[in-house]
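Observations on the model geometry
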Amino acid sequence: MSISNITVFMPSMFTLIGIPGLESVQCWIGIPFCIMYLIAMIGNSLLLIIITLEPSLHEPMYIFLGMLGVTDIALLTSVVPKMLGVFWFHVPEIYFDSCLLQMWLIHTFQGIESGILLAMALDRYVAICYPLRHAAIFTPHLISQIASAVTLRAAILVAPCLVLIKFRLQFYHKTVISHSYCEHMAIVKLAAGNIRVNKIYGLFVAFNIAVFDLSFITLSYVQIFITVFRLPQKEARLKAFNTCIAHICVFLQFYFLAFFSFFAHRFGSHIPAFIHILISSIYLLIPPFLNPLVYGAKTKQIRMQMVKMFSSENSR
């Protein structure tokens, strides 16, 4: 119900415009997005199949990698189909509650992914710095506790963002979201009321998850590098570095894109809207797209099992 000429009370629908300024070429932008989506879904599914079927990969590092694959598949499924619907089929409308649900799913899965990257870094830290105690520390029970903790942490921390929008922001200047998906700040900026609390809590969640995780990931790898450089044999040093290089590549690209998207939304008024939204959209696709490629190329055991799988299929 409209209550004035400039505000709308509790809109039932939002409209996603996609990438502002590039609406005329969005159908072409959707092609590489779709290709990346399909490769990411196939790659992560293959990783899950290999890790599940191969008993030798039932170790903490690969179990965490499997969790990462599940999270990536869930994240992509929650955002890409609707994004392609906007780009290709001109279906920009999304129900208010559906938009909030998509926002919660996206930010929750991002928080889970950050937590899994931290768990993987800690796993490598114990495996390299305390190899004799690794099996005793990273037991199946601890791994299940870590999985539950990172999931609950993300879900519980992000949930108030949804509640604050639903029950605090009832009047909106407009219902057109200048984005390709329902992002927290993109929704909040539409509101006609005071959004200070929403902004502060959004910052709290982002720093609570990203800064905490990134700090401990960095400390873990600093300790790993100190330990590795002290190893007397060159072969041992190279082997230790090789087990970490894939993790380093993955967490660098994840956090670099995450921080760019986060700060651009809040302080990047000078950045053209189409660049910001395009990179924010790519940010959701790049980690799930690259993760199976990086781990498939850099992890010998996974590479061997993948070759074995395809060679056995070809021999039939």
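Residues numbered from 1 in each chain as written. Predicted model: local features only at pLDDT ≥ 70, side-chain atom pairs only at ≥ 80, totals over all residues. Heavy atoms only, no water.

**Description of the state of the cysteines**
Filter applied, for reference: Put simply, a disulfide is two cysteine sulfurs that come within 2.5 Å. Segments assigned H or I by DSSP are reported as helices when at least four residues long, segments assigned E as strands when at least two residues long, and all are numbered from the N terminus. Working definition: with a 1.4 Å probe on protein chains only, accessible area under 20% of the residue-type maximum means buried, over 50% means exposed, and in between means partly exposed.
All told, the structure shown has one disulfide when counted by the stated rule. For Cys99, the disulfide goes to Cys182, at an S-S distance of 2.0 Å. On the S-S bond that ties Cys99 to Cys182, the torsion sits near -115°, and the link is left-handed. Taken together, the positions of Cys99 in helix 3 (residues 96-129) and Cys182 in the loop between strand 5 (176-177) and helix 6 (184-188) put the pair 83 residues apart, joining distant regions of the chain. Overall, the relative accessible area of 0% leaves Cys182 in the buried class. Looking at the unpaired Cys27, the closest cysteine sulfur is the one in Cys34, lying at 13 Å.

**Focus on the packing of helix 3 against helix 9 (residues 273-298)**
Note the cut-off: Fitting a line to C-alpha atoms yields each axis, with helices limited to the stretch in contact; the angle taken between N-to-C directions then spans 0 to 180 degrees. By convention, the crossing between two helices is left-handed when the near helix turns anticlockwise from the far helix through less than a right angle, and right-handed when the turn is clockwise. Whether two residues touch is decided by their heavy atoms; if any such pair falls within 4.5 Å, the residues are in contact. All amino acids are sorted into three groups, where Ala, Val, Leu, Ile, Met, Phe, Trp, Tyr, Cys and Pro are nonpolar, Asp, Glu, Lys and Arg are charged, and the leftover types, Gly among them, are polar.
Helix 9 packs onto helix 3 with a crossing angle of 35° between their chain directions and a minimal axis gap of 12 Å. For helix 3 against helix 9, the interelement crossing comes out left-handed. Along the contact surface, helix 3 presents Ile106, Gln110, Glu113 and Met120, while helix 9 presents Tyr283, Leu284, Pro287, Asn291 and Tyr295. Along the lines of polarity and charge, the residues of the contact of helix 3 with helix 9 split into six nonpolar, two polar and one charged.

**Structural notes on the sheet that holds strand 2 (residues 13-16)**
Put simply, the rule is: Two strands form a pair only when DSSP identifies at least two bridges running between them.
Across the sheet, which stays open at both edges, the three strands sit in the order 3-2-5 with mixed pairing between neighbours. Strand pairing shows two members of the sheet lacking a second neighbour, strand 3 (93-95) and strand 5, which therefore form its edges. Against the sheet, helix 3 touches strand 2, strand 3 and strand 5, its axis set at about 85° to strand 3.

**Digging into the packing of aromatic side chains**
Condition: Two rings from Phe, Tyr or Trp (for Trp, the six-membered ring) form a pair when their centres sit within 6.5 Å of each other. Planes less than 30 degrees apart are called stacked, planes more than 60 degrees apart edge-to-face, and all others tilted.
Here the structure, examined in full by the defined rule, presents 13 aromatic pairs. For the ring pair Phe9 and Phe171, a centre distance of 5.2 Å and an interplane angle of 50° mean the geometry is tilted. Taken as a pair, Phe9 in strand 1 (residues 8-9) and Phe171 in strand 4 (residues 171-172) lie far apart in primary sequence, 162 residues in all. A residue is classified by how much of its surface remains accessible, and Phe9, at 27% relative accessible area, is partly exposed. A relative accessible area of 32% means that Phe171 is categorised as partly exposed.

**Some points on the UniProt feature "transmembrane region" (unreviewed entry) in the protein chain**
Rules: UniProt positions are given in the numbering used here, feature names are shortened, and annotations may be inferred rather than shown by experiment.
UniProt tags residues 28-50, 62-89, 101-122, 142-165, 200-228, 240-262 and 274-296 as "transmembrane region" (unreviewed entry). Taken end to end, residues 274-296 comprises 100% helix and 0% strand; its first and last C-alpha atoms sit 33 Å apart.

**A closer look at the nonpolar core**
The nonpolar side chains of soluble globular proteins are, as a tendency, buried together. The test is simple: Buried Ala, Val, Leu, Ile, Met, Phe, Trp, Tyr and Cys residues form a nonpolar core when they are joined through side-chain atoms within 4.5 Å.
Counting 93 residues, the largest nonpolar core has Phe14, Leu117, Ile165, Ile177 and Ile187 as its most contacted members. The element contributing the most residues to this core is helix 3, with 16 residues. Look past the residues within four positions of Ile177 in its chain and what remains in contact with it is Phe14, Thr15, Leu16, Ile17, Cys99, Cys182, Ala186, Ile187 and Leu190.

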